Amino acid sequence: MADGIVIPDPRDGAGKAGRAPEPLPDPDDDDYPPLYRSRQKIFPKAVSGFFRRLKWQIMGVTLAVYYLTPWIRWDRGDGAPDQAVLIDLANRRFYFFWIEIWPQEFYYVAGLLIMAGIGLFLVTSAVGRAWCGYFCPQTVWTDLFMFVERRIEGDRNAQIRLDKAPWTPRKVWLRTLKHATWLGIAFATGGAWIFYFADAPSLFVDFWTGQAAGVAYATVAILTFTTYTLGGLMREQVCTYMCPWPRIQGAMLDENSLIVTYNDWRGEPRSKHRKKAAASGEKVGDCIDCMACVNVCPVGIDIRKGQQLECITCALCIDACDAMMEKVDLPKGLISYSTLHDYELGVAGRGDERPTVWKRIFRPRTLIYAGAWAAIGLFMLLSLTVRDRIDVNVIHDRNPVFVTLSDGSIRNGYTVKILNMVNEPRTFQIRVEDLPGAHLAFAGGEAVSGISSGEDLDGPFLRVEVDPDRLRSVRIVVTMPREALEAERTEFTWVAFEEHWEYGFRPETSRAEGAFFAPEGTGE
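Because the structure is predicted, anything quoted here is derived from the model rather than measured.

1. Things to note about the pattern of salt bridges
Enumeration over the complete set of coordinates arrives at 29 salt bridges. One salt bridge in this structure joins Glu-508 and Arg-426, with 3.0 Å as the shortest N-O distance. Residue Glu-508 is found in the loop between β14 (489-498) and β15 (509-517), and its partner Arg-426 is found in strand β9 (residues 426-433); the two are separated by 82 residues along the sequence. Residue Arg-426 is classed as buried on the basis of its relative accessible area, which comes to 5%. Overlapping salt bridges bring together Lys-41, Glu-149, Glu-153, Asp-163, Arg-175, Lys-178 and Arg-235 as one network.

2. Some points on the sheet that holds strand β2 (residues 93-96)
Ordered by their spatial adjacency, 3 strands build an open sheet running β1-β2-β3, and the pairing between neighbours is antiparallel. Two strands bound the open sheet, and with one partner strand each, they are β1 (85-88) and β3 (99-101). Averaged over all adjacent pairs, the angle separating strand axes in this sheet is 10°, with direction ignored. The pairing of β1 with β2 spans 4 bridges and is classified as antiparallel. Paired with Ile-87 across the two strands is Phe-94, which belongs to β2.

3. Some words on the nonpolar core
Counting residues in each nonpolar core, the largest one holds 39 residues, and the members touching the most others are Val-260, Ile-303, Ile-318, Ile-335 and Tyr-337. Listing elements by their share of this core, those giving two or more residues are α1 (50-68), α2 (107-127), α3 (130-135), α10 (245-252), β4 (259-262), α13 (292-295), α14 (316-327) and β5 (335-338). Ranked by residues supplied to this core, first place goes to α14 with 6 residues.

4. Digging into the pairing of β14
Among the 10 residues in β14, 8 count as buried, and that is most of the element. As defined by bridge partners, β9 adjoins β14 across 6 bridges and the pair is classed as antiparallel. Opposite Gln-429, over in β14, you have Phe-497 as the bridge partner. Where β14 lies against β15, 9 bridges are found, and the strand directions are antiparallel. Across the sheet, the residue bridging to Thr-493 is Glu-513, located in β15.

5. Let's talk about the packing of aromatic side chains
Counted under the stated rule, the structure contains 29 aromatic pairs. Each ring, one from Trp-71 and one from Phe-204, has its centre 6.1 Å from the other, and the planes form 70°; the classification is edge-to-face. Placement of the pair is Trp-71 in the loop between α1 and β1 and Phe-204 in helix α7 (residues 200-208), with a sequence separation of 133 residues. Of the residues examined, Trp-71 reaches a relative accessible area of 36% and is grouped as partly exposed. Note on Tyr-414 and Phe-492: the rings are 6.0 Å apart at their centroids and 85° apart in plane angle, and the pair reads as edge-to-face. Of this pair, Tyr-414 sits in strand β8 (residues 410-420) while Phe-492 sits in strand β14, placing them 78 residues apart in sequence. Take Phe-492: its relative accessible area is 1%, and that puts it in the buried class. An aromatic cluster is defined as three or more aromatic residues linked by ring pairs; in this entry it consists of Trp-71, Phe-187, Phe-195, Phe-204, Phe-207, Trp-208 and Tyr-217.

6. Some remarks on α14
The end-to-end C-alpha distance of α14, which contains 12 residues, comes to 17 Å, matching closely the 16 Å that a straight helix rising 1.5 Å per residue would cover. For α14, every residue scored as buried is listed here: Leu-316, Cys-317, Ile-318, Asp-319, Ala-320, Cys-321, Asp-322 and Met-325. Here the buried face of α14 lies against α1, β4, α11 (264-267), α13 and β5.

7. Description of the domain arrangement of the protein chain
What the domain assignment reports for the protein chain is domain 1 (50-249) and domain 2 (390-517). Of note, the centres of domain 1 and domain 2, computed from C-alpha atoms alone, are 49 Å apart. Tallying the contact residues gives 11 residues for domain 1 and 6 residues for domain 2. Summed over both sides, the interface of domain 1 with domain 2 buries roughly 560 Å², with 43% coming from carbon and sulfur. On inspection of domain 1 and its partner domain 2, the count reaches 1 salt bridge. Between Arg-93 and Asp-469 there is a salt bridge, with the nearest N and O atoms lying 3.6 Å from each other. For the interface between domain 1 and domain 2, the tally reads 1 residue pair in polar contact (both at pLDDT 80 or more). Looking at side-chain class alone, the side of domain 1 that touches domain 2 contains 3 nonpolar, 3 polar and 5 charged residues.

Definitions and limits used
- Residues numbered from 1 in each chain as written.
- Predicted model: local features only at pLDDT ≥ 70, side-chain atom pairs only at ≥ 80, totals over all residues.
- Heavy atoms only, no water.
- Salt bridge = Lys/Arg side-chain N within 4 Å of Asp/Glu carboxyl O.
- Helix = DSSP H or I, 4+ residues; strand = E, 2+ residues; numbered from the N terminus.
- Buried < 20%, exposed > 50% of the residue type's maximum accessible area, 1.4 Å probe, protein only.
- Pairing = 2+ DSSP bridges.
- Axes fitted to C-alpha atoms, helices over the stretch in contact; angles between N-to-C directions.
- Core = buried A, V, L, I, M, F, W, Y, C linked by side-chain atoms within 4.5 Å.
- Phe/Tyr/Trp six-rings, centres within 6.5 Å; stacked < 30°, edge-to-face > 60°.
- Expected span 1.5 Å × (residues − 1).
- Contact = heavy atoms within 4.5 Å.
- Domains from an automatic or database assignment.
- Buried area = accessible area lost by both parts, 1.4 Å probe.
- Polar contact = N/O pair within 3.5 Å; in protein donor to acceptor, adjacent residues only side chain to side chain.
- Nonpolar A, V, L, I, M, F, W, Y, C, P; charged D, E, K, R; others polar.

Set out below in structure tokens:
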């Protein structure tokens, strides 16, 4: 699609028919940059246009979501936090509006991570590195820092002059103001992050009065340092050297992926004096070599050299080029979102045969990604709507494993933990299955409040009351006549379900596997 490194075909070597192999570029050539080099300062020029406005809108939305989300309230009832989005590490809970995730339900978080990965593959295969150019936090905060820099120091030319100028009081003042503003933004970024892990209004007061936990101050300090360093000082170096995604994206792209492309079949050969060259009979392209596309690039590349690892597909070069084409009365689109297939049609002079954008996006590959992404999301959504909000865990006594009573019956002891995962008190029944003849009782009698026993047509059961959003542990002994046991170890199932439920719906139920142990020789 453009100039680049050409790997010679060994079949074209000396002594064989065909062209001679092309030499590799000179390592000192600008088109063959070193793999590692010290950072060269980049001063992007401000630009206006469709993609720049789109970036402003996305930046505004993403920053608003990040900074304001912890302050959104959500009523969950008495005793429950009223913060809409809260990662409650102390109580090992994650709240997201009406959704409450417990530690044993971490698979939902894993599902979200899988969806994020597939979504990234989908976006990349469809429109290249759109995530990097518009939504990535590194891009958003770097864009914000560049905006502050322009407001204080001026646009590209003013920044270059200031950078080369000696250290005068004015330069010291401007640089101090810029870095102080950057640090303020970085501090606000770290401060907003900690509000996701505790009640935001309370933590805000505790933080400024010195009563917050030490980890809160440490977290803000670390995030302030990293945000200031990555967004203000390192900028494009993070995308080029630290982020692995540029090296992965190549496997996600194909000939139908939309990427920012310089259409050299239309722009070459370049000429700064296009009208004079055309008047003298020279062949010239539409590119007037104004460097506008290079000057606005936040990573400092020349898109005319083809697709490059550093390109984050922000499309600001499209805005800059379109504005210049409009000034010189040439058609827009010299730099555009295009595909390799579109490029080949343009080279062949068949640009009017290019498919529509929607046909290039909705193709088998992207539909497969979209289907997988939607299937996982739908499965998680359905799972959330039908999941039981009760969990039971049973631990068998280790010593003694069993006790032989005076009448010859065998008794086993268990610790049964019942988790009530809703914000209201509930009563649960505990039963056993596949253990006929079993008798259940609470260890130590029934002196503890909130527990009782009963029996119905389905057999004996125990009744346990559990407070809202709490785990209750009870000791239960199971007694079996020895003659009813057929082996030294008998597998059975513990069943816990809500005692009262709305008519027409099944009770919320949780099961746990158990084992009943007896002396050697039992059942022989």
